[in-house]
Amino acid sequence: MAAADPLGDLVAALQRLPGIGARSAERLAFHILREPRAYAAELAQAILDVKDKVTHCGTCFNLTERDPCGICADPRRDRAEIWVLEQPKDVIALEATGLVRGVYHVLLGHIAPLEGIGPEHLTIDPLITRVRAGGVREIVLALNPTLEGDGTALYLAEQLGKRGVKVSRLA
Ligand code: ZN
């Protein structure tokens with residue numbers, strides 16, 4: 001199907017991105033229009049690749065191109081120590097410190113009752129399944145220092161504490 005209004009369609013699509021208003025969407029669309037076709041192809045391909053090739057690790061829910069991810073598959077990592085984080089970007093930040101010898105579990109958010117986000121919307125069930133499977137010695141809660149992060153940490157400490165693993169909190 002040929003687009004009747006290619007420029008208008010691009011502006012509309014860009015405007016759906018977070019933080020992009022009508023003005024910015026127009027500016028980006030005209031920028032893309034001025035760039036060589038090769039750039040447009042590269043941009044379009046990169047967007048498709050991220051959708052087609054990047055997925056969540058079935059164990060830790062970090063973003064990965066293969067499942068299990070490189071960290072979960074690494075035999076040198078200590079599987080008895082699970083660091084619980086809110087988002088994949090938090091994994092990148094912690095990995096950069098080189099301090100973590102354990103593995104991760106990404107919640108993909110935090111509990112936010114006012115936004116209707118409950119424990120069931122996060123990857124808390126799979127985390128409890130990991131703990132239940134055994135071999136976990138310690139859970140380190142490295143959640144964001146926000147009201148929601150604190151609330152999520154309290155909930156997890158309660159849920160995991162009663163399963164006999166040590167739960168600590170990264171200050
Ligand atoms: Zn993983």
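Predicted model only: the values in this text are computed from it and were never measured.

Caption draft 1: Fine view of the coordination of the zinc ion. For the zinc ion, the full set of protein donor atoms is C57 (SG), C60 (SG), C69 (SG) and C72 (SG), at a range of 2.3 Å. For the zinc ion, the four donor atoms in the first shell make angles of 104 to 115° at the metal, so the coordination geometry reads as tetrahedral. Look at where the donors of the zinc ion fall in the sequence and you get C-x2-C-x8-C-x2-C. In this pair, C57 is assigned in the loop between β1 (55–56) and β2 (63–64) and C69 in the loop between β2 and α4 (70–73), connecting sequence segments 12 residues apart. Classification of C57 as buried rests on a relative accessible area of 0%. Given the relative accessible area of 3%, C69 is considered buried.

Caption draft 2: Representation of the environment of L28 in the model. Counting through the fold element by element, L28 comes out in helix α2 (residues 22–34). What makes L28 partly exposed here is its relative accessible area of 33%. The contact partners of L28, leaving out residues within four places of it in the chain, are L14 and I20.

Caption draft 3: The arrangement of the pattern of salt bridges in detail. For the structure on display, the rule yields eight salt bridges. Note that R137 is salt-bridged to D78, the shortest N-O span being 3.1 Å. Taken together, the residues span a long stretch of sequence, with R137 in the loop between α6 (124–132) and β5 (138–141) and D78 in strand β3 (residues 78–85) at a distance of 59 residues. Under the relative-accessibility criterion, R137 is labelled partly exposed at 44%. Look at D78 and you get buried, because its relative accessible area is 19%. Two residues, K89 and D90, come together in a salt bridge whose shortest N-O distance is 3.9 Å. A single salt-bridge network, built from bridges that share partners, covers D78, E81 and R137.

Caption draft 4: Representation of the sheet that holds β5 within the structure. Ordered by their spatial adjacency, four strands build an open sheet running β4-β3-β5-β6, and the pairing between neighbours is parallel. Looking at the sheet topology across the chains shown, the edges are occupied by β4 (102–106) and β6 (166–169). Strand-to-strand twist across the sheet, computed as the mean angle between neighbouring axes with direction ignored, equals 25°. Where β3 lies against β5, four bridges are found, and the strand directions are parallel.

Caption draft 5: Representation of the pairing of β3 in the model. With seven of eight residues buried, β3 is to be regarded as a mostly interior element. As paired strands, β3 and β4 are joined by five bridges and run parallel to one another. What sits directly across from D78, in β4, is G102. In this fold, β3 hands off to helix α5 (residues 88–97), which returns the chain to β4; that crossover is right-handed.

Scoring rules and cut-offs
Residues numbered from 1 in each chain as written. Predicted model: local features only at pLDDT ≥ 70, side-chain atom pairs only at ≥ 80, totals over all residues. Heavy atoms only, no water. Donors = N, O, S within 2.8 Å, 3.2 Å for Na, K, Ca; no water. Tetrahedral: all angles 85-135°; square planar, octahedral: opposite > 155°, others 65-115°. Helix = DSSP H or I, 4+ residues; strand = E, 2+ residues; numbered from the N terminus. Buried < 20%, exposed > 50% of the residue type's maximum accessible area, 1.4 Å probe, protein only. Contact = heavy atoms within 4.5 Å. Salt bridge = Lys/Arg side-chain N within 4 Å of Asp/Glu carboxyl O. Pairing = 2+ DSSP bridges. Axes fitted to C-alpha atoms, helices over the stretch in contact; angles between N-to-C directions. Right-handed = clockwise from strand over helix to strand, strands pointing away.

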